[in-house]
Amino acid sequence: MDLQSLMDKGGFVPPDLVPKDVKWTHAGPDGEQVTDEFTVFIKHRSAATMDRAAKAFREAKHEGETLAARAMLVSMCVFFDQQGKNGIPYDKACLLKESLCEVLFAAADEVIGLGNPAKN
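Residues numbered from 1 in each chain as written. Predicted model: local features only at pLDDT ≥ 70, side-chain atom pairs only at ≥ 80, totals over all residues. Heavy atoms only, no water.

## Some remarks on the overall build of the protein chain
Counting secondary structure elements, the protein chain contains five helices and three strands. Start at the N end of the protein chain and walk to the C end: the helices and strands fall as α-β-β-α-α-β-α-α. Buried positions account for 31% of the 120 residues belonging to the protein chain. Across the protein chain, every contact between residues at least 6 apart in sequence was considered, and the portion connecting residues at least 24 apart equals 55%. (Helix = DSSP H or I, 4+ residues; strand = E, 2+ residues; numbered from the N terminus. Buried < 20%, exposed > 50% of the residue type's maximum accessible area, 1.4 Å probe, protein only. Contact = heavy atoms within 4.5 Å.)

The following block contains the structure:
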């Protein structure tokens, strides 16, 4: 096995983020149903992404059973810019409204196949 073989076999994540259009339906300021449509950019999980996430979790003092799996995956994979610089830190992702977390998680799942962490 050599580097080129590993690359040919898909051993490396694609460098480009994948744009994904999402719709979030929620209660507006006056209580009426509002649907916001926007684009997020999904980053494939890499070894470095997972290491950065682990560091963020340690800093947030979250461990094992207190880890919010969907919030973790949203914070690792969902960005608001094509460069992957403008995302949601884990501690903020834990505070997302359930409906928004579900939409962002579903977008990531469609692109990289995360699966349902509640079932894992």
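## A look at helix α5 (residues 98-112)
Taking 1.5 Å of rise per residue, 15 residues should cover 21 Å, and α5 covers 21 Å from first to last C-alpha, within 8% of that figure. Restricting attention to buried positions, one finds in α5 the residues Leu100, Cys101, Val103, Leu104, Phe105, Ala107, Ala108 and Ile112. Where α5 is buried, its residues contact β1 (18-27), β2 (33-42), α3 (69-77) and β3 (78-79). Just beyond α5, the residue with positive phi is Gly113, at close to 65°. (Expected span 1.5 Å × (residues − 1).)

## Describing a nonpolar patch on the surface
A surface patch of nonpolar side chains, about 570 Å² in accessible area, is lined by Met1, Leu3, Leu6, Met7 and Phe12. Relative to the helices and strands, Leu6 is located in helix α1 (residues 3-8). (Patch = residues over 30% accessible without salt bridge, like charges linked within 9 Å, V, L, I, M, F, W, Y side chains within 5 Å. Areas by Shrake-Rupley, 256 points an atom, 1.4 Å probe, with all protein chains shown as cover. Salt bridge = Lys/Arg side-chain N within 4 Å of Asp/Glu carboxyl O.)

## Points about the state of the cysteines
Where two cysteines share a covalent bond between their sulfur atoms, that bond is called a disulfide. According to the stated counting rule, one finds zero disulfides in the structure shown. Free of any disulfide, Cys94 has its nearest neighbouring cysteine sulfur in Cys101, separated by 8.6 Å. We classify Cys101 as buried; its relative accessible area is 6%. (Disulfide = S-S within 2.5 Å.)

## Here's the deal with the pairing of β2
Taken together, the ten bridges between β1 and β2 define a ladder with antiparallel strand orientation. Residue pairing across strands places Val22 opposite Phe38, the latter belonging to β2. What sits between the antiparallel neighbours β1 and β2 is a turn of five residues, in which Gly31 has the positive phi angle 90°. As defined by bridge partners, β2 adjoins β3 across two bridges and the pair is classed as antiparallel. Of the residues in β3, the one forming a bridge with Phe41 is Phe79. (Pairing = 2+ DSSP bridges.)

## Focus on the packing of α3 against α5
Where α3 meets α5, the closest approach of the two axes is 9 Å, and the angle between their N-to-C directions is 60°. One finds that α3 runs oblique with respect to α5. For the element pair α3 and α5, the recorded crossing hand is left-handed. Side by side, α3 and α5 meet where Arg70, Ala71, Leu73, Val74 and Cys77 of the first sit next to Glu98, Cys101, Glu102, Leu104, Phe105, Ala108 and Ile112 of the second. Taken together, the residues of the contact of α3 with α5 break down into nine nonpolar, no polar and three charged. (Axes fitted to C-alpha atoms, helices over the stretch in contact; angles between N-to-C directions. Parallel < 35°, antiparallel > 145°, perpendicular 65-115°, else oblique. Left-handed = near helix turned anticlockwise from the far one by under 90°. Nonpolar A, V, L, I, M, F, W, Y, C, P; charged D, E, K, R; others polar.)

## Some words on the nonpolar core
The biggest cluster of nonpolar side chains holds 23 residues, and the ones touching the most others in it are Val40, Ile42, Val74, Val78, Leu96 and Leu104. In terms of residue count, α5 provides more of this core than any other element does, eight residues in total. Residues within four places of Val40 in sequence aside, it is in contact with Val18, Pro19, Lys20, Val22, Val78, Phe79, Phe80, Leu104 and Ala107. (Core = buried A, V, L, I, M, F, W, Y, C linked by side-chain atoms within 4.5 Å.)

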